[in-house]
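A structural walkthrough
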Amino acid sequence: MNESMDVFKEFFEMPWEDKAMLYSEDPKNSCRLSTSSVNYAREKIHHWRDNLRHPCHPLQDCIKHWPQKPVRYREVVATYTIEAKKLGLRILELVSEGLGLESRYFGDKLSESEILSINHYPPCPDPSLTLGVAKHCDPNLLTLLHQGDVSGLQVFNNGEWIGVEPLHNAFVVNIGNQLQIISNNKLKSVEHRVVTNSRVARTSAGFFIGPSEDSIIEPEKSLVDDAPFYRAFEFKDFLLHYFPNLEDNEVVMGHFKSQA
Ligand SMILES: O=C(O)CCC(=O)C(=O)O
Ligand SMILES: [Fe+2]
């Protein structure tokens, strides 16, 4: 964890010439450096963040698109993503047991996609003017977030924003929208955001485990008491609806509620 955090920081500290070729405004690019959010062109207020994001599975195909500098990036990050996936699957096994499902329930297509999203928040001269990341729920199944040692993450609970202070060598585990839907609201995805500070840069890395785009998502029948809260849909349709609306979780989830 520490070595990969060092490499992530080194990446963002490199001169612009070494990173410029990865900069892209096209969200479909498989390895993409961008600034603010995916809605850059449409958002009213830009966010104080740079972001490097790339898929990690299947590793042999994805790794060719990852940054070539720092030179140890590919080796260190490959090991990191393999270990993060193992940990994520172990957590999903425990979640399955807790829900009364077989332990491999989330094991195949529902957890096939792996995306690493590395955030760099430079010190912000006036943190009252903008955020690092606007409020949202993660759209995937489960997120393992390594937030380094600088605070900034907040979760919305009982009407107020609460800081999630970093713990050394610990992951914050976020339940994504798909885990909420499949569990038929037995598990809830939490709204979170990132605030900036004027003193120090912050680097964080989210490892997003999610369904393959063609997975059919619906509440698991054994977890439905009366009627399912959500209808069945293809995961790629969720993403299409999610990105333009990501700051409003009611709108995101409302679209997939069952009509019954
Ligand atoms: O930087 C963080 O702590 C969280 C970032 C985040 O919520 C995300 O990338 O989805
Ligand atoms: Fe998030």
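Right above here is the structure, for reference.
Below or above, wherever it landed, is the structure these notes cover. Everything quoted here is computed from the prediction, not taken from an experiment. (Residues numbered from 1 in each chain as written. Chains lettered and ligands numbered in written order. Predicted model: local features only at pLDDT ≥ 70, side-chain atom pairs only at ≥ 80, totals over all residues. Heavy atoms only, no water.)

Some thoughts on the packing of aromatic side chains
Threshold: Here a pair means two rings of Phe, Tyr or Trp (six-membered ring of Trp) with centres within 6.5 Å. Their orientation is stacked below 30 degrees between planes, edge-to-face above 60, and tilted elsewhere.
Taken as a whole and assessed by the stated rule, the structure comprises 15 aromatic pairs. Among the aromatic side chains, those forming a connected cluster through ring pairs are Phe-8, Phe-11, Phe-12, Trp-66, Tyr-73, Tyr-80 and Phe-171.

Examining the site of ligand 1
Counted only if it meets this: Here, proximity means that at least one heavy atom of the residue falls within 4 Å of the molecule or strand. Polar contacts, as counted here, are pairs of nitrogen or oxygen atoms within 3.5 Å of one another; within protein the pair requires one atom able to donate a hydrogen and one able to accept it, and residues that are adjacent in sequence qualify only if both atoms are side-chain atoms. Using a 1.4 Å probe, the Shrake-Rupley method yields the accessible areas, and only the shown protein chains count as cover for residues. Secondary structure elements follow DSSP: runs of H or I no shorter than four residues count as helices, runs of E no shorter than two count as strands, and numbering proceeds from the N terminus.
Every residue near ligand 1 is listed here: Asn-119, Tyr-121, His-136, Asp-138, Leu-145, Leu-153, His-192, Val-194, Arg-202, Ser-204 and Phe-208. For ligand 1, an oxygen atom lies 3.1 Å from a polar atom in the side chain of His-136. The side chain of Ser-204 places a nitrogen or oxygen atom 2.6 Å from an oxygen atom of ligand 1. Considering ligand 1 on its own, with 300 Å² of exposed area, one finds that the protein chains cover 95% of that surface. Those elements that provide at least two residues to the shell around ligand 1 are β3 (113-121), β9 (192-194) and β10 (202-210). Looking at the shell around ligand 1 element by element, the count peaks at 3 residues for β10.

Some thoughts on empty space enclosed by the protein
Selection criterion: Grid spacing is 1 Å over the protein atoms alone, the probe is 1.4 Å, and a cavity is where that probe fits but cannot get out, while a pocket is an open set with protein on both sides within 12 Å along at least five of seven lines and lining residues have an atom within 4 Å of a point. Grid points are joined across faces, edges and corners, and a volume is the space filled by probe spheres set on the points.
Inspection of the entire model under this criterion finds 3 cavities of 30 Å³ or more. Of the voids in this model, the largest cavity is the one considered here, and its volume is about 60 Å³. Lining the largest cavity, in full, are Arg-32, Ser-34, Ser-36, Ser-37, Val-38, Arg-49, Asn-51 and Arg-53. Those elements giving two or more residues to the lining of the largest cavity turn out to be β1 (32-35) and β2 (50-55).

As for the nonpolar core
Cut-off, in case you're wondering: Side-chain atoms within 4.5 Å link the members of a nonpolar core, which is a set of buried Ala, Val, Leu, Ile, Met, Phe, Trp, Tyr and Cys residues. Working definition: with a 1.4 Å probe on protein chains only, accessible area under 20% of the residue-type maximum means buried, over 50% means exposed, and in between means partly exposed. Residue contacts are counted whenever heavy atoms from the two residues lie within 4.5 Å of one another.
Ranked by internal contacts, the top residues of the largest apolar core, which has 49 residues, are Phe-8, Leu-52, Tyr-73, Phe-106, Leu-116, Ile-118 and Phe-238. Looking at this core, the elements that each hand over two or more residues are α1 (2-13), α4 (73-99), β3, β5 (142-146), α5 (177-182), β10, α6 (235-245) and α7 (249-254). Of the residues forming this core, the biggest block, 10 residues, is contributed by α4. Look past the residues within four positions of Ile-118 in its chain and what remains in contact with it is Phe-8, Phe-12, Asp-50, Asn-51, Leu-52, Tyr-73, Thr-203, Ser-204 and Ala-205.

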